[in-house]
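# Structural overview
Single-letter residue listing:
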Amino acid sequence: MSPRTAPISRPVTIRRAVARDARRLTRIVRGSGAYAGKFASAVEGYRVGPDYLEAHRAFVAVGDDGQGDRVLGFYSLVLDPPELDLLFVADEAQGRGIGRLLVAHMRSEARAAGLDRVKVVSHVPAEDFYHRTGAVRTGTAPANPPAVPWDRPEFEFRVCPE
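Structural notes, computed from the coordinates. Keep in mind that what you see is a predicted model, and the values were worked out from it rather than measured.

Our next topic: the overall build of the chain. Helix and strand counts for the chain stand at four helices and seven strands. Traced from its N-terminal end to its C-terminal end, the chain shows the element sequence β-α-α-β-β-β-α-β-α-β-β. Computed over C-alpha atoms, the radius of gyration of the chain comes to 15 Å, within 12% of the 15 Å expected from 2.2 N^0.38 for 162 residues, which places it in the range of a compact globule. Counting only C-alpha atoms and orienting by the principal axes, one finds that the chain spans roughly 45 × 40 × 35 Å. Considering only contacts within the chain whose residues lie at least 6 apart along the sequence, 64% involve residues at least 24 apart. When the accessible surface of the chain is totalled, it reaches about 8,900 Å², and 50% of it is carbon and sulfur. Between the averaged position of the 23 positive side-chain charges in the chain and that of its 20 negative side-chain charges there is a distance of 3 Å.

In structure tokens form, the structure reads like this:
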């Protein structure tokens, strides 16, 4: 197995994102290989700022890389209306179950907040990931030029009560 697809070998914890995470989260978004080429305009200049983290339920997956804790990915859940606003895993951490951990955590947070459904407007290359993690396709979000000049798949996670 390559390092990119090796399973998680060290413990990963999920914690609330804090202001000092903002720069790293911005780098993860802007550096995402899924937004290369024709998709680059969607994240060009994108910023996850401390103000965003303060206003949203954002969580980070953190792992020990041998030199200390490192942010491997993150998500942001909006409660009203219920939507998974952002979900990114650092390119070098993909294929190791981090995305699945983040989705499971998001569903738990949504359940605790009393939600029964969470909408996702997906990036086109992430469509298979959302299918694999249990989201159901509900439609298509039309293009919104100039920032997003392509249609995007819409999904919904159904959140079952405990």
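Residues Asp80 and Pro81 are joined by a peptide bond in cis, for which omega reads -5 degrees. Looking at the element boundaries, Pro81 is found in the loop between β3 (69–79) and β4 (82–89). Residue Pro145 is joined to Pro146 through a cis peptide bond whose omega torsion reads 5 degrees.

This model, assessed by the stated rule, comprises seven aromatic pairs. On the basis of an interplanar angle of 70 degrees and a centroid distance of 5.2 Å, the ring pair of Phe129 and Tyr130 is categorised as edge-to-face. Of the two residues, Phe129 and Tyr130, neither departs from the other in class, the shared state being buried. Centroid distance Tyr130 to Phe157: 6.1 Å. Interplanar angle 70 degrees. Geometry classified as edge-to-face. Separated by 27 residues along the polypeptide, Tyr130 in helix α4 (residues 127–132) and Phe157 in strand β7 (residues 152–158) bring together distant segments of the chain. Every member of this aromatic cluster is reached through a ring pair, and the members are Phe129, Tyr130, Phe155 and Phe157.

Our next topic: the environment of Arg107. Within the secondary structure, Arg107 is located in helix α3 (residues 98–112). Excluding residues within four positions of it along the chain, Arg107 makes contact with Thr133, Gly134, Phe157, Arg158 and Val159. Among the polar contacts listed, one links the side chain of Arg107 to the backbone oxygen of Thr133, at a separation of 3.4 Å. From its side chain, Arg107 meets the backbone oxygen of Arg158 in a polar contact 2.6 Å long.

Another aspect to go through is the side chain of Ser122. Mapped onto the elements, Ser122 comes out in the loop between β5 (117–121) and α4. With sequence-adjacent residues up to four places away left out, Ser122 is seen in contact with Glu127, Tyr130, Arg152, Pro153 and Phe155.

Looking now at the nonpolar core. Where a protein is soluble and globular, its nonpolar side chains tend to be buried together. Judged by nonpolar contacts, the single largest core of 45 residues is most densely connected at Leu25, Phe74, Leu84, Val118, Tyr130 and Phe157. Contact partners of Leu84, with chain neighbours within four places excluded, come to Tyr75, Ser76, Met106, Val118, Lys119, Val120, Tyr130 and Phe157.

On inspection of all chains with the given rule, the structure shows nine salt bridges. Salt-bridge contacts for Glu92 lead to Arg70; the nearest nitrogen and oxygen are separated by 2.2 Å. Of the two residues, Glu92 is situated in the loop between β4 and α3 and Arg70 in strand β3; the sequence distance between them amounts to 22 residues. For Arg158, the salt bridge is made with Glu156, and the minimal N-O distance between the two is 3.6 Å. For Arg158, a relative accessible area of 39% corresponds to the partly exposed category. Salt bridges sharing common partners tie together Arg24, Arg70 and Glu92.

Reading the values: the criteria
Residues numbered from 1 in each chain as written. Predicted model: local features only at pLDDT ≥ 70, side-chain atom pairs only at ≥ 80, totals over all residues. Heavy atoms only, no water. Helix = DSSP H or I, 4+ residues; strand = E, 2+ residues; numbered from the N terminus. Rg over C-alpha atoms; globule rule 2.2 N^0.38 Å. Contact = heavy atoms within 4.5 Å. Areas by Shrake-Rupley, 256 points an atom, 1.4 Å probe, with all protein chains shown as cover. Lys, Arg positive; Asp, Glu negative; His and termini not counted. Charge placed at Lys NZ, Arg CZ, Asp CG, Glu CD. Phe/Tyr/Trp six-rings, centres within 6.5 Å; stacked < 30°, edge-to-face > 60°. Buried < 20%, exposed > 50% of the residue type's maximum accessible area, 1.4 Å probe, protein only. Polar contact = N/O pair within 3.5 Å; in protein donor to acceptor, adjacent residues only side chain to side chain. Core = buried A, V, L, I, M, F, W, Y, C linked by side-chain atoms within 4.5 Å. Salt bridge = Lys/Arg side-chain N within 4 Å of Asp/Glu carboxyl O.

Limitation: the analysis is restricted to geometry and does not speak to function.
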